[in-house]
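Examining the three-dimensional arrangement
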Amino acid sequence: MAQMVFLTFFLFFGSLLKCLTSLKLSMVGVQPKKIMIGQNAKLQCLFDMEGEEIYSLKWYKNGKEFYRYMPSQERKTTVFDVPGVIIDLQYSDNHQLHLRSVRLETAGIYRCEVVTEAPDFNTVSKQIEVDVISLPKGPKISGLEAAYSPGELVRANCTANESLPPASLIWYINKEPVTSESRYNRSASHYPLSSIQQPISYLQTFLRDNLTSSQLELVFTLKLSHFKEGKLKLKCTAFLGEIFMRSEEVSVEQMRPKPPAISSKESYESSVADYADINPYAGLFEVNNNNNNGNGGSGGSKTDRTHSGAVKSPLETGIFGSGVSNTAAPVDLVVNMIAVLLGSALRRLV
């Protein structure tokens, strides 16, 4: 009786030991580890049968079978439709599966299951999580004016669209990073602008079709020291871990102060005075005209001025000086023109 119990105990534990050691599933993995939308990927299931025969190998995604390999069957390989899984059978076997054109739906929990032949049908399985990455569009800087003056408030947005996982964003002012802590999902309008002493960033995220768009708003008050040679440089960088990094940089000009405005009356009087000072023939006109009108040597000076010192316009003094009006006879006009020409010739000879 004791021998019978011992034999049964030995057979039981021997069978159990055989089950534990006959089939080994060494690794279940995916290559590459970071899969981007549109890429191809490879699922791996490495096992050691330890002399046993394989009965079946099956792959599951989120609990649904999509691949079956049974070497004892007439049809060894069977593929089932599961959203996001497209298998390239040409490059697949019982140790690896090639996935084509990965999509967002490809992400999920994948499990490899291996079963030995009868009578034991030993079963082992392992699973792995597969993540799919969508690289962001951008970053794009918006909301800036072409030029600013010191003391003005600057508001600029940096946007990275349709990313999975959400992209990280950071602002740079003249190559210096804005290190203030971002305030999540709040706009600058929620905070009093008088409290903004240092550059502050505000992060907002928007989810659509399982993709996240991120927007980082930068708010700061301009100082004269921000302008380097009359320009301010702003840069925004978007990144996803170590697999993606892209930047956009813009420059804005320092607004120059406008010159003081001159009234029309001051401009007019200044122009008439300048004309009288630089016209070399003004005195000649007046002498000739005064002589022609019989005024003798009592002709006026180069410019006629009122008692208050204001300069008269050419319409007030006449085209050719103070002694001739705009209604002068044609003969007088001809005489004056000849005098101008002769005067010019004499000056050149001298």
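Each remark here, short or long, concerns the structure printed above.
To start, this report covers the structure provided alongside it. Sequence order sets the numbering: in each chain, residues are counted from 1 along the sequence as written. Only residues with pLDDT of at least 70 are given local features in this predicted model, and only at 80 or more are side-chain atom pairs given and counted; all residues enter the totals for whole chains, interfaces and linings. Where side-chain values are given, they derive from all heavy atoms of the structure, hydrogens and water being excluded.

Before going further, it helps to spend a moment on the sheet that holds strand β3 (residues 41-48). The criterion for strand pairing is that DSSP finds at least two bridges linking the strands in question. Labels follow the DSSP assignment, with helices taken as runs of H or I lasting at least four residues and strands as runs of E lasting at least two, numbered in each case from the N terminus. Reading across the sheet, the 3 strands line up as β1-β3-β7 and stay open at both edges, with antiparallel pairing between neighbours. With partners counted over all chains shown, the strands left at the sheet margins are β1 (24-31) and β7 (96-99), one partner each. On average, each strand axis in the sheet is inclined to that of its neighbour by 5°, with strand direction left out of account. Bridge count between β3 and β7: 4 bridges; the pairing is antiparallel. For L43, the partnering residue across the bridge sits in β7 and is L97. Axis angles are defined between N-to-C directions and span 0 to 180 degrees, where every axis is a line fitted to C-alpha atoms and, for a helix, only to the segment in contact.

What follows is about the sheet that holds strand β6 (residues 77-79). Backbone-to-backbone hydrogen bonds pair the strands of a sheet. The strands run either parallel or antiparallel. Taking strand neighbours across the sheet as the criterion, the 5 strands line up as β6-β5-β4-β8-β9 in an open arrangement whose pairing is antiparallel. Because the sheet does not close on itself, it has two edges, and the strands there are β6 and β9 (123-130). For this sheet, the mean angle separating the axes of adjacent strands, direction not counted, is 20°. Inspection of the sheet shows strand β4 (residues 54-61) paired to strand β8 (residues 108-116) by 7 bridges, in the antiparallel sense. Paired with K58 across the strands is E113, a residue of β8.

Next up on the list: the state of the cysteines. Disulfide assignment relies on a single distance test, namely cysteine sulfur atoms paired within 2.5 Å. Within this structure, the stated rule accounts for 2 disulfides. Covalent S-S linkage joins C45 and C112, the inter-sulfur distance amounting to 1.9 Å. Taking the torsion about the sulfur-sulfur bond, which here is approximately -80°, the covalent link between C45 and C112 counts as left-handed. With C45 in strand β3 and C112 in strand β8, this residue pair connects regions lying 67 residues apart in the sequence. Note on C45: relative accessible area 0%, which makes it buried. For every residue, the accessible area obtained with a 1.4 Å probe (protein chains only) is divided by the maximum for its type, and the residue is called buried under 20%, exposed over 50%, and partly exposed between those limits. By relative accessible area, C112 is classed as buried at 0%. Shown here is the disulfide that connects C158 with C236, its sulfur atoms set 1.9 Å apart. Torsion about the S-S bond of the C158 and C236 cystine: about -85°, corresponding to left-handed handedness. Separated by 78 residues along the polypeptide, C158 in strand β13 (residues 153-163) and C236 in strand β19 (residues 231-240) bring together distant segments of the chain. Given a relative accessible area of 0%, C236 falls into the buried group. The connectivity of the disulfide-linked cysteines in the chain, indexed sequentially, is 1-2, 3-4.

In short, geometric facts, not functional conclusions.
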